[in-house]
Amino acid sequence: MALLETLVVVLGVALVAALSVFAKTRLFPVGEDEEPREDVAEYIAMMVSVLYAVVLGLCLVSVWETRSAASDHVQAEASALHQTYLLADALPPAQRQPVRDAARTYASHVVDVEWPAMAGREPLGASGWTLLDQLRRAGEVTRSDRVSEQIAAQELLAQLGYVDDARRGREAAAQEQLSPVLWTGLLIGGVLTLAFMFLFGIKRSTTHVVMVMGLSGFIAFTVLLIHQLDSPFGEMLGASPDAFTRYFG
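Novice: Explain the pattern of salt bridges residue by residue, including any values.
Specialist: Here the structure, examined in full by the defined rule, presents eight salt bridges. Residue R136 is joined to D164 by a salt bridge in which the shortest nitrogen-to-oxygen separation is 3.8 Å. Highlighted residues: R136 in helix α4 (residues 127-138) and D164 in helix α5 (residues 147-175), separated in sequence by 28 residues. Here D164 ties to R168 by a salt bridge, and the two come within 2.8 Å at their closest N and O atoms. Pair noted here: D164 and R168 are both in helix α5, with a separation of four residues, about one helical turn. Looking at D164, the relative accessible area reads 14%, which means it is buried. Connected through salt bridges with shared partners, the residues E77, E114, R167, R170 and E171 form a single ionic network.

Here it is as structure tokens:
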């Protein structure tokens, strides 16, 4: 969801809330002899607001940690793959170019094929692991009399181990989602928080409208923010493939 679309949704929710306030004041006006209920409404609204703030904080922390973990896995995977590419210079001449080609092929597959799939929460399949196995086989040194080449081959395998671990973490992060229980609490809490705003006997309708519009717009913005962060590899706030394109662009 682009920034303009987010603003449109937030403003739309705020306008709907404002129209609801006007409808409430016109259809159910507060009588002059009606006893005000603001004391009770304030107490209940305060309790609901505190509980809703806890749910909001829990949701934000959960999706932010998932997104941060996804970014860390991407950085680690791209860095280890780049080290593998550089270590090819110390391998026997016959293996240098195959290792470089295999590393570039793997990076291109991650950016061009796997990234759109992760953004759509689709399974990645086994093609990425096949390319990683090909890179590992290309870097195996069976016979070499030079100690430097043997050390480079061992270090290359170690870096491929880091690529393997980071890839597993990236795949796991791509499938993580906010718990449906938290989503339920997030939506119900927002509705209740706004509903209690209608219990206040505010005589100035303009003040009431501004309060409801501000609160509803902010709640809508927060829910949209959580929705965007809940997609660790989404287009707007998700982790980007810049680490791969920077090294292998």
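Novice: How would you sum up the packing of aromatic side chains? Please name residues and give values.
Specialist: The relation between two aromatic rings is expressed through the spacing of the ring centres and the mutual angle of the planes. By the definition in use, this model includes three aromatic pairs. Ring geometry for Y85 against F248: centres 5.7 Å apart, planes inclined by 85°, an arrangement best described as edge-to-face. With a gap of 163 residues between them, Y85 in helix α2 (residues 38-87) and F248 in helix α8 (residues 242-248) connect regions that are remote in the sequence. Accessibility expressed as a relative area gives 10% for F248, which makes it buried. Put simply, the rings of W115, F233 and F244 touch in pairs and so form one group of aromatic residues. A cation sits over an aromatic face here: R167 above W129, 4.9 Å from the ring centre.

Novice: Tell me about helix α3 (residues 93-119), and name the residues and values.
Specialist: For α3, with 27 residues, the first-to-last C-alpha span of 39 Å sits near the 39 Å given by 1.5 Å per residue. Residue V113 marks the point of greatest curvature in α3, where the axis turns by about 35°; the proline P116 follows within four residues. Just downstream of α3 lies R121, where phi reads positive at about 55°.

Novice: Outline the packing of α4 against α5, listing residues and values.
Specialist: Their axes nearest at 11 Å, the elements α4 and α5 cross at an angle of 175°. On the basis of their axis angle, the class for α4 and α5 is roughly antiparallel. Facing α4, whose interface residues are G128, W129, L132, L135 and R136, α5 presents L157, L160, V163, D164, R167, R168 and E171. In the contact of α4 with α5, the residues fall into six nonpolar, one polar and five charged.

Novice: Describe unusual backbone geometry, and please don't skip the residues or the numbers.
Specialist: Backbone geometry places R121, a non-glycine residue, at a positive phi of 55°. If you trace the backbone, R121 turns up in the loop between α3 and α4. According to the relative accessible area criterion, R121 is partly exposed, its value standing at 21%.

Novice: Requested: an account of the side chain of R167, with residues and values cited.
Specialist: Position of R167 among the secondary structure elements: in helix α5. You can call R167 buried: its relative accessible area is 0%.

Novice: Account for the side chain of S231, with residues named and values stated.
Specialist: Along the chain, the position of S231 falls in the loop between α7 (205-229) and α8. On the basis of relative accessible area, S231 is assigned to the buried category, the value being 16%. Ignoring sequence-local partners within four residues, the contact set of S231 consists of A119, R121 and G238.

Novice: Which residues make up the packing of α3 against α4, and what values do they have?
Specialist: For the pair α3 and α4, interaxial distance at closest approach is 9 Å and the crossing angle is 165°. The angle between α3 and α4 falls in the class roughly antiparallel. Between α3 and α4 lies a crossing of left-handed hand. Facing Q95, P98, V99, A102, A103, T105, Y106, H109 and E114 of α3, the residues of α4 in contact are S127, G128, L131, L132, L135 and A138. Class assignment of the residues belonging to the contact of α3 with α4 gives a composition of nine nonpolar, five polar and one charged.

About the cut-offs
- Residues numbered from 1 in each chain as written.
- Predicted model: local features only at pLDDT ≥ 70, side-chain atom pairs only at ≥ 80, totals over all residues.
- Heavy atoms only, no water.
- Salt bridge = Lys/Arg side-chain N within 4 Å of Asp/Glu carboxyl O.
- Helix = DSSP H or I, 4+ residues; strand = E, 2+ residues; numbered from the N terminus.
- Buried < 20%, exposed > 50% of the residue type's maximum accessible area, 1.4 Å probe, protein only.
- Phe/Tyr/Trp six-rings, centres within 6.5 Å; stacked < 30°, edge-to-face > 60°.
- Lys NZ or Arg CZ within 6 Å of the ring centre and 35° of its normal.
- Expected span 1.5 Å × (residues − 1).
- Bend = angle between axes of the 7 residues up to and from the residue.
- Axes fitted to C-alpha atoms, helices over the stretch in contact; angles between N-to-C directions.
- Parallel < 35°, antiparallel > 145°, perpendicular 65-115°, else oblique.
- Contact = heavy atoms within 4.5 Å.
- Nonpolar A, V, L, I, M, F, W, Y, C, P; charged D, E, K, R; others polar.
- Left-handed = near helix turned anticlockwise from the far one by under 90°.

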